[in-house]
Amino acid sequence: MKETRIVLDGTAPVTEGEGLVLDDVGHSYGGRVVVDGVSLAVEPGELVCLLGPSGCGKTTTLRIAAGLERPETGRVMLNRRVVSQGQGGVHIPPEDRNVGFLFQDYALFPHLSVFDNVAFGLRHWPVAERRQRIHEVLVQVGMEAYASAYPHMLSGGQQQRIALARALAPGPRLMLLDEPFSGLDSRLRDQVRDQTLHVLKEAGVSTLMVTHDPEEAMFMADRIALMRDGRIVQLGRPVDLYCNPVEAFVANFFGEVNRITGKVRGGEVETPFGRLSAPGLGEGAEAEILIRPEALFLSPAEGDEGDGAAKVVASRLLGRSSLVHLCVGDAQGAHLHLHSRMPGRFLPAEDEIMKVRLDRGQCFVFPAQKG
Amino acid sequence: MGRAQQERLMSDVNLSTPALSWGRFGRRTGGLFGGGNWGWSLFTILVALLVATPVLVVLAHVFVPTGEVWTHLSQTVLPRYISNSLWLMLGVGVGTLVIGVGTAWAVTMCRFPGVRQFEWALLLPLAVPAYVIAYTYTGLMDFAGPIQSTIRAVFGFQTAREYWFPRIRSLEGAIAMMTLVLYPYVYMLSRAAFLEQSVCVLEASRTLGCGPWRAFRSVALPLARPAIVAGVALALMEALNDFGTVQYFAVDTFTTGIYRTWLGLREPAAAAQLGAVLMLFVFALVLLERLSRRQARYHHTTNRYRSLPRYHLKGWKAALAFIGCFLPVFLGFLFPGGALLLWSFETGPVMIDARFFSLAWNSFILSSVAAVVAVLVALLLAYGQRLHASPASKLAVRIASMGYAVPGSVIAVGIMVPLVWTDNTIDAWMRATFGISTGLLMTGTIGALIFAYLVRFLAVSFNTVEASLSKVTFSMEAASRTLGHGPLATLRRVHVPVIRSSILTAAVLVFVDVMKELPATLIMRPFNFDTLAIRTFALAGDERLREAAPSALAIVLVGIIPVVLLSRIIAKSRPGDAQ
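If you're wondering where the values come from, they're calculated on a predicted model, not measured in any experiment.

Asks: Sorry if this is basic, but what is going on with the packing of aromatic side chains here?
Replies: How two aromatic rings sit relative to each other is given by the distance of their centres and the angle of their planes. All names here are of chain B. Counted by the stated rule, this structure contains 23 aromatic pairs over all chains. Judged by centre distance (5.9 Å) and plane angle (50°), the ring pair of Tyr131 and Tyr135 falls under tilted. Here Tyr135 and Tyr131 lie together in helix α6 (residues 130–141), a separation of 4 residues that amounts to about one turn. No difference in accessibility class separates Tyr131 from Tyr135, as the two residues are buried.

This is how it looks when you write it as structure tokens:
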């Protein structure tokens, strides 16, 4: 495998207005608002993921960026040029945008060989250069031996790589990926995902990718835009979304969390494992406390059964980590069922009493949802 | 090896959802690239309007008062026209459905002696026009024909009263004749649909415990239903349109009624009104086809194909399949074709002269030009619809493709009336302004005739092309656009190659139809411009059936060439199945 430096923290120097800019973009289908005032910038060479549950408008946003859909409101800019501006304004058709689109079903042309599929976007290139370029991108995705094969002769993973090569061949300014790995089985997915990331970073192309899988988004993205109901809920580096979620929805989306509720007293809320500060919440307000399973760190109790102790209900090894089901008495005397995730093999016996240490960096306090 | 297969299976399963979701997108936005395609929309509406004009002219005659003529018609002959037409549709519909789908499934999915030959042989009756097979069977089976003569000679009968023999000149006879030559429409379209079905879908049904029959009934048939219904609708439209057979058999239907009212009674308006009633039947057929297709909007969920696993038939099953496939070919082609051949040997030396060859050339040129024009227009219409479908353009396209079921003679009126009017107007204006008489500029030209064919057969090419466009998924279209190809370049480089076999199918269908076309050609042809069909009709009308044989045989023979070509293309069209 080639050695490639990957910038994963998104701190690369930013040139003003380069790359893709979505400015207050809105769209609806038959009166139903699908994209609602989305603003987003993808810097040159940056990979941004649109993440969200199905029906949140992420794919429509992607299609608007490609020019396949015409936004009803807002502006789309590509390398400082306005390419879409509301209904009635400018609309550069997809064929004149120089963007690469990787489809969920790959959309390879069944009547063309791998070579001709890749050549499809290079029709105005001189013959020699075209050949050179096709060879180049096929080598890049490791498919140079399959130039004369037809799509139906390839496996899903191979088809995906050809689709990637085809989209990259014309040297697009922007790559758009629509759930590009959802057609692959999980084992193959990790491998293809890794390879795709390397190829994209090597090409240095700005990329906007759609996925519903938070782990995939964290694996691929320099920045993530988490969407819900057509709006961006939070935009930032994966570490920002994971460690500083702005809403319970964000924390919840990145994996299972323990939810408990409490009342704010003196700017803090009570948990069975100690007090957490509740910034921005008024005295007496109902608070929702989200605790990631990995924030509950267990160690054998040394006799004392006071604060911060829990009884083991069950423990399971999940591979890289162990999940421990706990029963805890809360301040009101009710019993809470909580999950703790411990690294490696950690399997305490049932009914054992464990001491719990709380990692406050992975606990989040939000105003309680009404209703 | 094992792993690759597993991976392939997994992705087959997973691939199925995206294609459907893209389809949903396309529908939701009412076109792929919502907005900005007004050029296409305008073109669609313009072409559709032009093509729809004759039909509209005919329909407009509903409002022309004809008084007593219509009252007379509706009291005397109309009930008979309606009941005859309904029985004809029912008979031909059931007949073509059973023969067409049954043979298509047998030759696509089974292996038995002669199956390779039947694949193309089953298309052969398509080359025989209904009126030709009617003339031939009449010649063979009437009182003086060889069959009855033999019966009389063997049993010593003197008159027809002494024995029973089926009367060929009857409604049942007409149903039989039309079924025999129209089933290939159903056969061809359903076979193409069976071939296009993913083997994975069929294999999946096998692993879910479906035997061959259940797989056919619950998977293959529903998947192929849009194509089958389209095929039956085509056959029925042909049956409703037929003039030569029913006229010769004296079975009164709308077409003969229109012809008689128009030429006999000299009442063009009343004839057009009969045509308008006939359009109700057609509306029903088109609606049926549309509805069934809307319910079944399948994109192919995978683009992986492998050779179809065929069921090996042995013993009585193989014999049954063989007979089931042989009978339609024999009765629809070999038997009447053989008779025509014998008669041609008899009368050929006299009938085949230089004039004969010029007639053949006329037929060929007319058919080729009409086929190319019809396919081009259909392709642009269907593609324009896909790019930007507005309610107005949808309606326009529907109306335009209705011409197929309108009898040729009525279409001819629908074109002649406005053409003559335009020619006269221009002539009057030229004479008044420049003192020059231009006479009839467009009436009675080849161009006008080609236009009539376009109106009549646009539905054939349009249905075929439109149905096959669903082979191009919406994401393939979008992929081409993002790779720098505009709408026209996408059409040329993606759609046309992918649906090439369907385009050729459409062209051949139109070619053969124009070759056989009779009533419109009869009325609209330029002065002294004859075709083989017209000569056959004229000779048979004079009961000179044997003399008509050479030109009838020529029509059949020319019809065979594209049929063979067509069969080869269909067999090859399946990607990954190429030799």
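Asks: Would you explain the state of the cysteines in this entry?
Replies: One covalent bond between the sulfur atoms of two cysteine residues makes up a disulfide. All names here are of chain A. Throughout the structure, instances matching the rule amount to 0 disulfides over all chains. No disulfide involves Cys49; its sulfur sits 12 Å from that of Cys56, the nearest cysteine. The exposure class of Cys49 is buried, given its relative accessible area of 0%. This cysteine, Cys327, is not joined by any disulfide, and Cys363 carries the nearest cysteine sulfur, 19 Å off.

Asks: For this particular structure, what's the right way to read the side chain of Glu179 of chain A?
Replies: Residues and elements named next belong to chain A. Within the secondary structure, Glu179 is located in the loop between β7 (174–178) and α5 (186–203). Despite being buried, Glu179 has no salt bridge partner; Lys58 is the closest side chain of opposite charge, sitting 4.1 Å away. Dropping the residues within four chain positions of it, Glu179 is found in contact with Lys58, Gln104, Val210, Thr211 and His212.

Asks: Explain the nonpolar core to me, please; I cannot follow it from the model alone.
Replies: Counting 211 residues, the largest nonpolar core has Leu20, Leu176 and Leu208 of chain A together with Phe112, Phe194 and Phe254 of chain B as its most contacted members. Per element, the largest residue contribution to this core is 16 residues, and it comes from helix α8 (residues 171–196) of chain B. Beyond its immediate chain neighbours, meaning those up to four positions away, Leu208 of chain A contacts Leu20, Leu40, Val42, Val48, Leu50, Leu62, Ala65, Leu174, Met175, Leu176 and Leu177 of chain A. Counting 47 residues, the second-largest nonpolar core is a separate cluster that includes Leu122, Leu168, Phe181 and Leu241 of chain A.

Asks: Honestly, the pattern of salt bridges in this entry has me stumped. Any pointers?
Replies: Close approach of charged atoms allows side chains with opposite charge to pair. Overall, the coordinates contain 27 salt bridges over all chains when judged by the stated rule. Between Arg193 of chain A and Glu216 of chain A there is a salt bridge, and its shortest N-O distance comes to 3.0 Å. Note that Arg193 of chain A is positioned in helix α5 and Glu216 of chain A in helix α6 (residues 214–220), a separation of 23 residues in sequence. Here Arg193 of chain A and Glu216 of chain A have matching classes, each one buried. For the salt bridge of Glu119 of chain B with Arg191 of chain B, the shortest nitrogen-to-oxygen distance reads 3.5 Å. A residue pair is termed long-range when its members are at least 10 positions apart, and Glu119 of chain B in helix α5 (residues 115–121) and Arg191 of chain B in helix α8 qualify at 72 residues. Where salt bridges share partners, they join Asp190, Arg193, Asp213 and Glu216 of chain A into one cluster.

Reading guide: rules and limits
Residues numbered from 1 in each chain as written. Chains lettered and ligands numbered in written order. Predicted model: local features only at pLDDT ≥ 70, side-chain atom pairs only at ≥ 80, totals over all residues. Heavy atoms only, no water. Phe/Tyr/Trp six-rings, centres within 6.5 Å; stacked < 30°, edge-to-face > 60°. Helix = DSSP H or I, 4+ residues; strand = E, 2+ residues; numbered from the N terminus. Buried < 20%, exposed > 50% of the residue type's maximum accessible area, 1.4 Å probe, protein only. Disulfide = S-S within 2.5 Å. Lys, Arg positive; Asp, Glu negative; His and termini not counted. Salt bridge = Lys/Arg side-chain N within 4 Å of Asp/Glu carboxyl O. Contact = heavy atoms within 4.5 Å. Core = buried A, V, L, I, M, F, W, Y, C linked by side-chain atoms within 4.5 Å.

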